[in-house]
Amino acid sequence: MYFSIYGILPAVWVALSVAVAAACWALYAGAGRARRVARAAGFRPASASRTSIADAAEPAEEEAAGQPEAAGFPGVTVVVYARDNAADLEEMLPVLLEQDYPGQWEVLVINDGKAEDVTDVVNLFSTRIETGVCQRPASAAREGFLRVTFIPEEAHNLSRQKLAVSLGAKGARYPFLVLTSALCRIGSRQWLRRMCRHFAEGREVVIGWAPMRGLESLADRYDEVATASIWLDAALRGKPFRGTGYNLGYSRRLFQEAKGFSRSLNLRAGDDDIFIRQIATGENTAVELSEQARVEIAAFRPRARWRHDRLQHAFTARFLPKGAALLAGSASLALWVWLGATVAGVVFSLPNWMPSCAFAAVALGLWIPLGIAWRRCAVALGVRLPARTLWWPMLWHWRRTLVYRLLCGRASRNNYTWLQR
């Protein structure tokens, strides 16, 4: 065992060069993406959390000065999708009905299920509002502020989620739609104001964020953050192609001009990615990642729900641009290239420990900023990730992505409407 810079094999120098190049690329494609999303979500002292595609790094003082006047907020219809989960709706509605929104707005619940419990919950809250038990928001619609409609049970061979949104767009009184679900928990009275202020500024699509509550596995939580960062970062860079149907807004005009979901009628999914790719541009889209605008998905079995949503998006990804996903995949590949070059360089340099110290320095320069960047990104998105153990899910994330792609590759009634029963 000795330390010397002399007599190092050319192969070791090559391995060190490859390790440095791979580490730099992993930091650029991986940590860079995480930092941009974290900044957009407000992870910095006294920072603004509003971020649009045109001004993703707008300072806090400029944000405060550029707030739209209350009179400029447009009329909005909040479309709530409920599927046999009246208890969830009953928990969600009180916060939704207390939203501090200065413009005209209403709530339209779409009941997708056989049970009438959802309708009973809506009627209960409507009665409370009319009798004064629940306070009517000052800007709420005078009549029919809280309404409910339903999806016919005999409707088959179609996406019921898309049908629900279509019914909401058709029945809405106002020119803008904000979509959410009875599964969601709204954490702030400012949620609707935060989402819709971009409409007041001239945007027609607002992409929000909704983390899954209760994911216990570290791999699941990292997968959630890493996957979301791909489409959020793309939108922040002016190339939106996906949102989340749990927290999403757009204008009725865009919906009607696109003829609804006509381009993906044969698919069960696609309402928040294929359709968003169709209507969203860098000029008409804003990204809202502030904590006040965040909603949480409170599914009964969070891991099963996350897996279901992940499989659907993995399937529809084949119809979307591949650039952002390839960039993220190259970051994962770079980690394995770094690992292979490091192991080979250390083995070929023994018993000289000088190259091993250089490889160790590269490793520290890679994993410390990488772990910090992804932890900050997760915190900004409301997900808990420990920086010290992130190296494991980072290295093996490609395997999880591959499994989802393989599982959703075959034609099934989970993917195509014409295979439904």
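Thresholds, definitions, all that
- Residues numbered from 1 in each chain as written.
- Predicted model: local features only at pLDDT ≥ 70, side-chain atom pairs only at ≥ 80, totals over all residues.
- Heavy atoms only, no water.
- Helix = DSSP H or I, 4+ residues; strand = E, 2+ residues; numbered from the N terminus.
- Buried < 20%, exposed > 50% of the residue type's maximum accessible area, 1.4 Å probe, protein only.
- Contact = heavy atoms within 4.5 Å.
- Areas by Shrake-Rupley, 256 points an atom, 1.4 Å probe, with all protein chains shown as cover.
- Core = buried A, V, L, I, M, F, W, Y, C linked by side-chain atoms within 4.5 Å.
- 1 Å grid on protein atoms, 1.4 Å probe; cavity = no way out; pocket = protein on both sides within 12 Å on 5 of 7 lines; lining within 4 Å.
- Points joined across faces, edges and corners; volume = space filled by probe spheres on them.
- Nonpolar A, V, L, I, M, F, W, Y, C, P; charged D, E, K, R; others polar.
- Patch = residues over 30% accessible without salt bridge, like charges linked within 9 Å, V, L, I, M, F, W, Y side chains within 5 Å.
- Salt bridge = Lys/Arg side-chain N within 4 Å of Asp/Glu carboxyl O.
- Lys, Arg positive; Asp, Glu negative; His and termini not counted.
- Charge placed at Lys NZ, Arg CZ, Asp CG, Glu CD.
- Pairing = 2+ DSSP bridges.
- Polar contact = N/O pair within 3.5 Å; in protein donor to acceptor, adjacent residues only side chain to side chain.
- Axes fitted to C-alpha atoms, helices over the stretch in contact; angles between N-to-C directions.
- Parallel < 35°, antiparallel > 145°, perpendicular 65-115°, else oblique.

1. A word on the overall build of the protein chain
Item 1. On a plain count of helices and strands, the protein chain comes out with 13 helices and 10 strands.
Item 2. Taken over 421 residues, the protein chain has a buried fraction of 54%.
Item 3. Once local pairs closer than 6 in sequence are excluded, the contacts in the protein chain between residues at least 24 apart make up 84%.
Item 4. By element, 58% of the accessible surface of the protein chain is carried by carbon and sulfur atoms, the whole surface being about 19,400 Å².

2. Looking at the nonpolar core
A general trend in soluble globular proteins is that nonpolar side chains are found buried together.
Item 1. Ranked by size, the top nonpolar core spans 126 residues in total, and within it Leu96, Val107, Tyr250 and Trp374 carry the most contacts.
Item 2. If you tally residues by element for this core, the top one is helix α1 (residues 10-40), at 12 residues.
Item 3. Ignoring any residue separated from it by four or fewer positions in sequence, one finds leucine 96 in contact with Val78, Val80, Trp105, Val107, Ile186 and Trp191.

3. Comments concerning empty space enclosed by the protein
Item 1. Evaluation of the coordinates by the stated rule reveals two cavities of 30 Å³ or more.
Item 2. Computed from the structure, the largest cavity encloses a volume of approximately 70 Å³.
Item 3. In terms of lining residues, the largest cavity is bounded by Val79, Tyr81, Gln161, Ala164, Val165, Leu179, Thr180, Gly245 and Asp271.
Item 4. Of all elements in the fold, only β2 (76-82), α5 (160-171) and β5 (176-181) reach the threshold of two or more residues within the lining of the largest cavity.
Item 5. The class makeup of the residues in the lining of the largest cavity is five nonpolar, three polar and one charged.
Item 6. Here the second largest cavity is characterised by a volume of approximately 40 Å³.
Item 7. If you go around the second largest cavity, the residues you meet are Arg33, Ile230, Asp233, Arg237, Ala324, Leu327 and Ala328.
Item 8. If one sorts the elements of the lining of the second largest cavity by residue count, helix α11 (residues 323-349) sits on top with three residues.
Item 9. Residues belonging to the lining of the second largest cavity are distributed by class as follows: four nonpolar, no polar and three charged.

4. Observations regarding the layout of surface pockets
Item 1. The space that makes up the second largest pocket amounts to roughly 790 Å³.
Item 2. In terms of lining residues, the second largest pocket is bounded by 35 residues, among which Ile230, Ala325, Ala328, Thr401 and Arg405 are the most central.
Item 3. When residues of the lining of the second largest pocket are traced back to their parent elements, those giving at least two are α1, α7 (218-236), α10 (302-316), α11, α12 (354-380) and α13 (391-407).
Item 4. Grouping the constituent residues of the lining of the second largest pocket by class yields 22 nonpolar, seven polar and six charged.

5. Here we look at a negative patch on the surface
Item 1. Residues Asp84, Glu116, Asp117, Asp120 and Glu153 make up a contiguous surface patch of negative charge.
Item 2. The residue aspartate 117 is located in helix α4 (residues 117-131) in this model.

6. Brief notes about the pattern of salt bridges
Note that side chains of opposite charge can pair when their charged atoms are close.
Item 1. A complete count under the given rule lists 17 salt bridges for this structure.
Item 2. Between arginine 185 and glutamate 91 there is a salt bridge, with its nearest N and O atoms 3.3 Å apart. One end of the pair, arginine 185, is in strand β6 (residues 184-186); the other, glutamate 91, is in helix α3 (residues 86-97), and 94 residues separate them in sequence.
Item 3. Take arginine 185: its relative accessible area is 10%, and that puts it in the buried class.

7. Looking at the pairing of strand β9 (residues 285-288)
Item 1. Neither face of β9 is left uncovered, since the one carrying Thr285 and Val287 and the one carrying Ala286 and Glu288 both have all their residues buried.
Item 2. Here three bridges tie strand β7 (residues 205-207) to β9, and the two strands are oriented parallel to one another. Within β9, the position partnered with isoleucine 207 by the bridge is valine 287.

8. Quick look at a nonpolar patch on the surface
Item 1. On the surface, Trp391, Trp392, Trp396, Trp398, Leu402 and Leu406 cluster together into a nonpolar patch covering about 670 Å² of accessible area.
Item 2. Considering the arrangement of structural elements, one finds tryptophan 396 in helix α13.

9. Regarding the environment of arginine 305
Item 1. Mapping arginine 305 onto the fold places it in helix α10.
Item 2. With near-sequence residues (within four places) excluded, arginine 305 lies in contact with Leu183, Met212, Tyr246 and Ala299.

10. Overview of a positive patch on the surface
Item 1. Together, Arg35, Arg39, Arg375 and Arg376 make up a positively charged patch on the protein surface.
Item 2. Going through the elements one at a time, α1 and α12 are the ones with two or more residues in the positive patch.
Item 3. Along the polypeptide, arginine 376 turns up in helix α12.

11. Points about the side chain of threonine 77
Item 1. Along the chain, threonine 77 falls in strand β2.
Item 2. Taking the relative accessible area as the measure of exposure, threonine 77 reaches 0% and is therefore buried.
Item 3. Only 2.7 Å separates the side chain of threonine 77 from the side chain of glutamate 106, close enough to count as a polar contact.
Item 4. Filtering out sequence-adjacent residues up to four positions away, threonine 77 remains in contact with Glu106, Leu108, Ala172, Arg173, Tyr174, Phe176, Leu177 and Val178.

12. Some thoughts on the packing of α12 against α13
Helix-helix packing is described using two parameters, namely the angle between the two axes and the distance between the axes.
Item 1. As a packed pair, α12 and α13 sit with axes 10 Å apart at the nearest point and diverge in direction by 85°. With respect to each other, α12 and α13 are oriented roughly perpendicular. Two secondary-structure elements touch here, α12 through Trp367, Leu370, Gly371 and Trp374 and α13 through Trp391, Met394 and Leu395.
Item 2. Its residues placed into classes, the contact of α12 with α13 shows six nonpolar, one polar and no charged.

13. Section: the pairing of strand β8 (residues 248-251)
Item 1. Burial along β8 is two-sided: the residues Leu248 and Tyr250 and Gly249 and Ser251 are all buried.
Item 2. Judged from the four bridges that link them, β5 and β8 form a sheet pairing that is antiparallel. Paired with phenylalanine 176 across the strands is serine 251, a residue of β8.
Item 3. Summarising the sheet, β7 and β8 pair through three bridges and their orientation is antiparallel. When the sheet's bridge partners are listed, valine 205 is paired in β8 with tyrosine 250.

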